[in-house]
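Single-letter residue listing:
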Amino acid sequence: MADFRQFYGINLPLEAGDEDCTRWAMLWHALPRESRTARRQSPALEWSEGEYMLNQAVYYLRLLAWRQCTKDGQKGRRAPQPPKTPGERADAERRRANAERSRGEIDRILGIPEGGV
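The shown structure was predicted, so the numbers you read here are calculated from the model rather than taken from an experiment.

Give me the packing of aromatic side chains: which residues, what numbers.
Taken as a whole and assessed by the stated rule, the structure comprises four aromatic pairs. When the ring of phenylalanine 4 is compared with that of tryptophan 28, the centres are 6.4 Å apart and the planes differ by 45 degrees; the resulting orientation is tilted. Of the two residues, phenylalanine 4 sits in helix 1 (residues 2–8) while tryptophan 28 sits in helix 2 (residues 18–29), which places them 24 residues apart along the sequence. Taking relative accessible area as the criterion, phenylalanine 4 reaches 1% and is therefore assigned buried. Taken together through their ring pairs, the aromatic side chains of Phe4, Tyr8 and Trp28 make up a single cluster.

Residue-level account of helix 6 (residues 86–110), with values.
What sets the pattern is the α-helix's 3.6 residues per turn: residues three or four places apart point alike. Along its 25 residues, helix 6 runs 35 Å from first to last C-alpha, staying within 8% of the 36 Å computed at 1.5 Å per residue. Of all the bends in helix 6, the greatest, near 35 degrees, is centred on arginine 103. Every buried residue belonging to helix 6 is among Pro86, Gly87 and Asp107, and all of these are buried. In the core, the buried residues of helix 6 are packed alongside helix 4 (49–69). Where helix 6 terminates, the next one or two residues include glycine 111, which has phi positive at roughly 80 degrees.

Summarise unusual backbone geometry; cite the residues concerned and give the values.
Of note, the phi angle at arginine 78 is positive, near 55 degrees, even though the residue is not glycine. Relative to the assigned elements, arginine 78 resides in the loop between helix 5 (71–75) and helix 6. Assessed through its relative accessible area of 66%, arginine 78 is described here as exposed.

Provide a residue-level description of the pattern of salt bridges, including the pertinent values.
In the structure shown here, the tally under the stated rule is seven salt bridges. The partner of aspartate 72 in a salt bridge is arginine 77, and the shortest N-O contact between them spans 2.8 Å. A salt bridge links arginine 103 to aspartate 107, with the nearest nitrogen and oxygen atoms 3.8 Å apart. Here the residue arginine 103 and the residue aspartate 107 both occupy positions in helix 6, the gap between them amounting to four residues, near one helical turn. When its relative accessible area of 48% is taken as the criterion, arginine 103 is described as partly exposed. Several salt bridges share partner residues, and in doing so they unite Asp72, Arg77 and Arg78 into one network.

How would you summarise the side chain of aspartate 72 if you had to cite specific residues and measurements?
Mapped onto the fold, aspartate 72 is located in helix 5. Aspartate 72 gets classed as buried once you look at its relative accessible area, which sits at 18%. Excluding its chain neighbours within four sequence positions, the residues that come into contact with aspartate 72 are Trp66, Arg77 and Arg78.

Give me helix 4: which residues, what numbers.
Compared with an ideal rise of 1.5 Å per residue, which puts 21 residues at 30 Å, helix 4 spans 30 Å between its outermost C-alpha atoms and is within 8% of the ideal. Those residues of helix 4 not exposed but buried are Asn55, Tyr59 and Trp66. Burial along helix 4 is one-sided: seen end-on, the buried residues are contained in an arc of 30 degrees. Turned more than 90 degrees away from the buried face of helix 4 sit Glu49, Met53, Leu54, Leu61, Gln68 and Cys69, all of them exposed.

The rules behind each value
- Residues numbered from 1 in each chain as written.
- Predicted model: local features only at pLDDT ≥ 70, side-chain atom pairs only at ≥ 80, totals over all residues.
- Heavy atoms only, no water.
- Phe/Tyr/Trp six-rings, centres within 6.5 Å; stacked < 30°, edge-to-face > 60°.
- Helix = DSSP H or I, 4+ residues; strand = E, 2+ residues; numbered from the N terminus.
- Buried < 20%, exposed > 50% of the residue type's maximum accessible area, 1.4 Å probe, protein only.
- Expected span 1.5 Å × (residues − 1).
- Bend = angle between axes of the 7 residues up to and from the residue.
- Contact = heavy atoms within 4.5 Å.
- Salt bridge = Lys/Arg side-chain N within 4 Å of Asp/Glu carboxyl O.
- Arc of directions from axis to C-beta.

What follows is the structure, given as structure tokens:
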């Protein structure tokens with residue numbers, strides 16, 4: 001596992017005993033947020049705290065410019081949306097994938113033939 005090599009300087013053997021697995025589980029849990037494993041498990045960790053703060057600064061600058069420089073802003077309509085974070089994008093992708101998987105079942109229940117109407 002590359003994260004173990006990078007962050008702990010150890011190579012995992014191909015075969016392990018129970019004691020090894022317990023130790024590896026503790027090390028796995030303690031991997032830093034920069035590790036590939038942590039980012040894979042939680043897409044929100046793709047950005048650092050600084051990147052989240054920068055994202056908010058960009059959004060509020062857009063909002064300020066919209067408010068002061070556009071007719072829509074002066075009337076309070078069609079405000080800019082904040083940029084999506086990695087966690088929000090991953091959630092949206094997961095919901096889309098779930099909907100796609102469920103579509104066939106829903107179509108079958110409703111009696112819609114494959115490929116649509």
